[in-house]
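Listed below, chain by chain, are the residues.
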Amino acid sequence: MGSLLQGFTKSLAMTFLSEIGDKTFFAAAILAMRYPRRLVLAGCLSALIVMTILSATLGWAAPNLISRKWTHHITTFLFFGFGLWSLWDGFKEGGGSEELAEVEAELDSDLKKSSDQSKKDSSKIEDEQKKQKRPFLTAFFSPIFLKAFSINFFGEWGDKSQLATIGLAADENPLGVVLGGIVAQTLCTTAAVLGGKSLASQISERIVALSGGMLFIIFGIQSFLTPIDA
């Protein structure tokens, strides 16, 4: 099990390079252009922090379910696998504009559906009735907060950054992994919300993917060379 500082450093670098130019980064940037920034930032960050803690907890529990030898080998395999995956994405992608446009189109479609549903509801029932039938969660949280939270939470579920966090927490100090992940998520999401679409459109997805791929490969080599008892 690595030190807290080592887990923090690895998690910070890995998460930052994985999230910059990711779909959730673009989604936060676009949402911030349409809704109050503080609500978007709160929703996005809450989702990513919850996902980071959940992933690290799964990684921490893994050695208790299977031997540390196997978790170490699986983590090494994940690093090499995600490194090659990111490098492949970097070589085949021309830039982040296509993904930005894809995310924007998805949000536009979702916004249209929500707008149509809202108009339909308003024509059928009175304002007081709508308030009474409002979903339980929206009575305590803003719909904008919930929208930002759900988009980011489900956007991260099953993503390679989530799986890599699980693997990293199984091999490094879980607290360091959580802290590094949260700091990286905060930096990326804040930049997306404050910079908006103009910043997102200037990010080269190819460079980010290649940099992330190289980092994963380096972590894989380090994990491969590290004794299991360390």
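Residues numbered from 1 in each chain as written. Predicted model: local features only at pLDDT ≥ 70, side-chain atom pairs only at ≥ 80, totals over all residues. Heavy atoms only, no water.

Here we come to the overall build of the protein. In terms of regular secondary structure, the protein is built from 10 helices and 0 strands. Scanning the protein from its N terminus toward the C terminus, one meets helices and strands in the order α-α-α-α-α-α-α-α-α-α. Taking all 230 residues of the protein together, 43% fall into the buried category. Across the protein, the fraction of contacts at a sequence separation of at least 24, relative to all contacts at a separation of at least 6, is 93%. For the protein, the accessible surface area stands at approximately 12300 Å², while carbon and sulfur atoms represent 66% of it. (Helix = DSSP H or I, 4+ residues; strand = E, 2+ residues; numbered from the N terminus. Buried < 20%, exposed > 50% of the residue type's maximum accessible area, 1.4 Å probe, protein only. Contact = heavy atoms within 4.5 Å. Areas by Shrake-Rupley, 256 points an atom, 1.4 Å probe, with all protein chains shown as cover.)

Let's shift gears to the UniProt feature "transmembrane region" (unreviewed entry) in the protein. UniProt marks residues 39-58, 70-88, 136-155, 175-195 and 207-225 with the feature "transmembrane region" (unreviewed entry), using the numbering shown here. As annotated, residues 39-58 comprises 100% helix and 0% strand, and the C-alpha atoms at either end are separated by 29 Å. Its end C-alpha atoms 27 Å apart, residues 207-225 is made of 100% helix and 0% strand. (UniProt positions renumbered as here; feature names shortened; annotations may be inferred.)

If you want to describe how two helices pack, look at the angle between their axes and the distance between the axes. The interhelical angle for the contact between helix H2 (residues 23-34) and helix H7 (residues 143-156), taken along N-to-C directions, is 165 degrees, at an axis separation of 10 Å. As the angle between them shows, H2 and H7 are arranged roughly antiparallel. Crossing of H2 against H7: the hand is right-handed. Listed contacts from H7 to Thr 24, Ala 27 and Leu 31 of H2 are Lys 147, Ala 148, Ile 151, Asn 152, Gly 155 and Glu 156. When grouped by side-chain class, the residues that make up the contact of H2 with H7 number 4 nonpolar, 3 polar and 2 charged. (Axes fitted to C-alpha atoms, helices over the stretch in contact; angles between N-to-C directions. Parallel < 35°, antiparallel > 145°, perpendicular 65-115°, else oblique. Left-handed = near helix turned anticlockwise from the far one by under 90°. Nonpolar A, V, L, I, M, F, W, Y, C, P; charged D, E, K, R; others polar.)

This part is about the environment of Ala 148. Inspection of the secondary structure puts Ala 148 in helix H7. By relative accessible area, which is 1% here, Ala 148 ends up buried. The spatial distance from the C-alpha of Ala 148 to the C-alpha of Leu 31 is 7.5 Å, given a sequence separation of 117 residues. Not counting chain neighbours up to four residues away, the residues in contact with Ala 148 comprise Leu 31, Val 40, Gly 43 and Cys 44.

All right, on to a nonpolar patch on the surface then. On the surface, a nonpolar cluster with roughly 460 Å² of combined accessible area is contributed by Leu 65, Ile 66, Trp 70 and Ile 74. Tracing the sequence through the fold places Ile 66 in the loop between helix H3 (37-65) and helix H4 (68-92). Taking relative accessible area as the criterion, Ile 66 reaches 40% and is therefore assigned partly exposed. (Patch = residues over 30% accessible without salt bridge, like charges linked within 9 Å, V, L, I, M, F, W, Y side chains within 5 Å. Salt bridge = Lys/Arg side-chain N within 4 Å of Asp/Glu carboxyl O.)

The next point concerns the packing of aromatic side chains. By the definition in use, this model includes 9 aromatic pairs. Each member of the aromatic cluster is reached from another via a ring pair, and the members are Phe 79, Phe 82, Trp 85, Phe 216 and Phe 219. Over the ring of Phe 219 we find Lys 10; its NZ or CZ atom is 5.4 Å from the centre of that ring. (Phe/Tyr/Trp six-rings, centres within 6.5 Å; stacked < 30°, edge-to-face > 60°. Lys NZ or Arg CZ within 6 Å of the ring centre and 35° of its normal.)

Let's shift gears to the pattern of salt bridges. For the structure shown, the criterion picks out 1 salt bridge. One salt bridge in this structure joins Glu 172 and Lys 10, with 3.0 Å as the shortest N-O distance. With Glu 172 in the loop between helix H8 (160-171) and helix H9 (174-202) and Lys 10 in helix H1 (residues 4-19), this residue pair connects regions lying 162 residues apart in the sequence. Residue Lys 10 is classed as buried on the basis of its relative accessible area, which comes to 7%.

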